[in-house]
Amino acid sequence: MAFNYKDINEYFRIMIRPTSLKNTLFFFTTLLLFTCLFESCASEKDHVEDGNTTHEQSEEPKITAFSFLTTDNNGLTTNIAATLDEETKTIYVELDPLVLNIDQLIPTITLSSGSTVSPISKSEQDFSHEVTYTVTAENGTTTVYKVVPSIIGNICTSNLVDSGPIVVSTNNQRIDNLYIRTSDQHGIEINNHTGVVISNCIIEYTGAYMGIKFTSADNLTIKNCYIKYTNAPSSGPLADSERNCIEGIGSQNIVIANLKLEDGSTGIRLNQCDDSVLRYIEGHNMRGPFPRGQLVQYDKCAGGLLENFSVINDRDVAWTEDNISIYKSGGQQIKKGLIVGNNSPTGVGVLFEDQNTEGARGGYGGLVEDVDFLEMGNGVVSSVEGSKNVSFTRIRAKQIICGDLGQNRGKSTSNSLIFGAFGTTANTGGNSINDCIVYNSCNPTNIVWPEHNFDVIDYRTDIDFEPRNPIVLNFNCD
């Protein structure tokens, strides 16, 4: 619509002569009409492009770049740029926990114009698991992104040297970049030597042996290794219980990191090994038989940390007992983990047991924190038979099994109990359940027993959840 402003001014000059009430009313009605027309045209002018009417809106809230810079993160020698999948709103990044403390990383986040993000850029976060970021535009619309870290090692298969089994012969010996295959002795054996370092190795073992066996091997480090029992049956237990991926006895200050363990009787068994540190442990199909079948078993150990771990047991293949057993041991901290699959009628996800019996070490207590449990049969977590003062914090469990557990092993002997604390004098357990979730239990009347051995009982049953991602170690490298 076009206007001749000279004609409009003449019209107003004539119309302002109020010769009658009728003309005056007509004048103000016309003035209001022209005001509306002017505003409409101005608005239309602001929104018309190429003849198409659009609406003003803020730019879509996006993360356009996500990185970790050397200037912000100690130990980082090269900037790390993540990969963005805009379609799924997923950010992928590869991190090496042997180089970085990935629990305390500072990201740099670039956003679309006018957007803000929470948590904010340059704020320290724990990237040992998925982290969610919410981007908000100026008009209030939001987009949620998830950051998915991939934990990497540096085994280069093409660079490994073929090797038979090794017996350590000196203190501080290094065993690096080997592909060890053995059927007639342990893959690596250490007796009475300290400071040994085993790194970047693949160990395939079979027969009545271990992948790595050590005794009196203080200050041992095992990192970036894949240890697998070969020739396991297609399903069910191994021929005996002494075919562990790793077994250690009487050794202090052990560090085990970035390990993939598969098909052993137990993944890692520690006997009288105090203050061990186990991080980034990926386990698959522990095979037993009883009394093995664990990802990790502590036996008469004082203290110890297991952090950032997962074990995935196919109940039609594995032969489990407790997924993590803490026997005659105290002070262990089990944190940031995922446990899937238990087909034992007597085993549970994490068990503290016999902290007050003869030979026990480490006193009372322990912690299970931020661990998810799926497909548990007989129980999720327990502090029993003289154990006490154990804290179960932010435990989440679902898909609990009430029927057959698999491989004709029968049903749960506890009627699928979630939290157990029996075998201790009433009202002396001192255990606690803190901010936990049990979703859609198959036996909703059997959550806590007996209640008198828990000082705090705090859980909910009405919240579904997405479980933590399993640890998936990527050993490919350039």
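Up top you'll find the structure we're talking about.
Owing to the predicted nature of the structure, the values given are computational and were not obtained by experimental measurement.

Some details on the side chain of N434
Then step 1. Structurally, N434 can be placed in strand β33 (residues 431–439).
Then step 2. Among all residues touching N434, those that are not within four sequence positions of it are S391, F392, T393, R394, V456 and D458.

Points about the sheet that holds strand β3 (residues 63–68)
Then step 1. What the three strands build is an open sheet, ordered β4-β3-β7; its pairing is antiparallel. Edge positions in the open sheet fall to β4 (80–81) and β7 (107–111), since each of these has one partner strand only.

Digging into the state of the cysteines
Then step 1. Taken as a whole, this structure holds one disulfide when the rule is applied.
Then step 2. Not engaged in a disulfide, the cysteine C201 finds its nearest cysteine sulfur in C225; these two sulfurs lie 4.8 Å apart.

Focus: the environment of V296
Then step 1. Checked against the element boundaries, V296 lands in strand β23 (residues 296–299).
Then step 2. Through-space distance from the C-alpha of V296 to that of I246 is 9.5 Å; in sequence the pair is 50 residues apart.

Structural notes on unusual backbone geometry
Then step 1. Residue P119 is bonded to the preceding S118 through a cis peptide linkage, with omega at -5°.
Then step 2. Here the residue pair W449 and P450 is connected by a cis peptide bond, since its omega of -15° sits within 30 degrees of zero.
Then step 3. Relative to the helices and strands, P450 resides in the loop between β34 (448–449) and β35 (454–460).
Then step 4. Positive phi, close to 55°, is recorded for D275, a residue that is not glycine.
Then step 5. Note on placement: D275 falls in the loop between β21 (268–271) and β22 (277–284).

Describing the pattern of salt bridges
Then step 1. The tally for this structure, following the rule as stated, stands at 26 salt bridges.
Then step 2. E60 serves as the salt-bridge partner of K89, at 3.8 Å between the closest nitrogen and oxygen. Here the residue K89 occupies a position in the loop between β5 (83–85) and β6 (90–95), and E60 occupies one in the loop between β2 (52–53) and β3, the gap between them amounting to 29 residues.
Then step 3. Close ionic contact of E307 with R279 constitutes a salt bridge, the shortest N to O distance being 3.0 Å. With a gap of 28 residues between them, E307 in strand β24 (residues 305–312) and R279 in strand β22 connect regions that are remote in the sequence.
Then step 4. The exposure class of E307 is buried, given its relative accessible area of 6%.
Then step 5. Judged by its relative accessible area of 33%, R279 is partly exposed.
Then step 6. Beyond isolated ion pairs, a larger network of salt bridges with shared partners links D103, D126, R279, E307 and K336.

Examining the side chain of Q355
Then step 1. Inspection of the secondary structure puts Q355 in the loop between β27 (350–353) and β28 (366–374).
Then step 2. Engagement of the side chain of Q355 in a polar contact is seen with the backbone oxygen of S329, the distance being 3.0 Å.
Then step 3. If we ignore the near neighbours within four places in the chain, the residues touching Q355 are S329, G330, A360, G363, Y364, G365, E385, G386, S387 and K388.

Side note on the pairing of β22
Then step 1. In this sheet, β22 lies alongside strand β20 (residues 255–262) in parallel orientation, the contact comprising seven bridges. Residue pairing for β22: I256 is matched across the bridge by L278.

Topic: the nonpolar core
Then step 1. Of all hydrophobic cores here, the largest spans 66 residues; its most connected members are I198, F214, F373 and F419.
Then step 2. Not counting the four nearest positions on each side in its chain, I198 is found in contact with I175, I188, I190, I212, L220, T221, I222, K223 and C225.
Then step 3. One finds V135, I155, L160 and Y179 within the second-largest nonpolar core, a separate group that totals 30 residues.

Quick notes on the environment of Y145
Then step 1. Among the structural elements, Y145 can be located in strand β10 (residues 142–152).
Then step 2. Residue class for Y145 comes out buried when judged on its relative accessible area of 1%.
Then step 3. Placed 55 residues apart in sequence, Y145 and T90 show a C-alpha to C-alpha distance of 5.6 Å.
Then step 4. Apart from the residues within four sequence positions on either side, Y145 is in contact with P61, K62, I63, E86, K89, T90, I91, V131, T132, Y133 and V135.
Then step 5. Here the side chain of Y145 touches I63 through a polar contact of 3.2 Å, landing on its backbone nitrogen.
Then step 6. Side chain to side chain, Y145 and E86 meet in a polar contact 3.0 Å long.

What about the packing of aromatic side chains?
Between two aromatic rings, the relevant description is the distance of the centres plus the angle of the planes.
Then step 1. Per the counting criterion, the structure on display carries eight aromatic pairs.
Then step 2. Here the aromatic rings of F419 and Y459 are separated by 6.3 Å at their centres, their planes lie at 40°, and the arrangement is tilted. Of the two residues, F419 is situated in strand β32 (residues 419–420) and Y459 in strand β35; the sequence distance between them amounts to 40 residues.
Then step 3. Exposure remark for Y459: the relative accessible area of 29% places this residue in the partly exposed category.
Then step 4. Ring geometry for F422 and W449: centres 6.0 Å apart, planes at 40°, overall tilted. A residue pair is termed long-range when its members are at least 10 positions apart, and F422 in the loop between β32 and β33 and W449 in strand β34 qualify at 27 residues.
Then step 5. You can call W449 partly exposed: its relative accessible area is 49%.
Then step 6. The aromatic ring of Y179 is capped on one face by R181, whose charged end is 3.7 Å from the ring centroid.

About the criteria used
Residues numbered from 1 in each chain as written. Predicted model: local features only at pLDDT ≥ 70, side-chain atom pairs only at ≥ 80, totals over all residues. Heavy atoms only, no water. Helix = DSSP H or I, 4+ residues; strand = E, 2+ residues; numbered from the N terminus. Contact = heavy atoms within 4.5 Å. Pairing = 2+ DSSP bridges. Disulfide = S-S within 2.5 Å. Salt bridge = Lys/Arg side-chain N within 4 Å of Asp/Glu carboxyl O. Buried < 20%, exposed > 50% of the residue type's maximum accessible area, 1.4 Å probe, protein only. Polar contact = N/O pair within 3.5 Å; in protein donor to acceptor, adjacent residues only side chain to side chain. Core = buried A, V, L, I, M, F, W, Y, C linked by side-chain atoms within 4.5 Å. Phe/Tyr/Trp six-rings, centres within 6.5 Å; stacked < 30°, edge-to-face > 60°. Lys NZ or Arg CZ within 6 Å of the ring centre and 35° of its normal.

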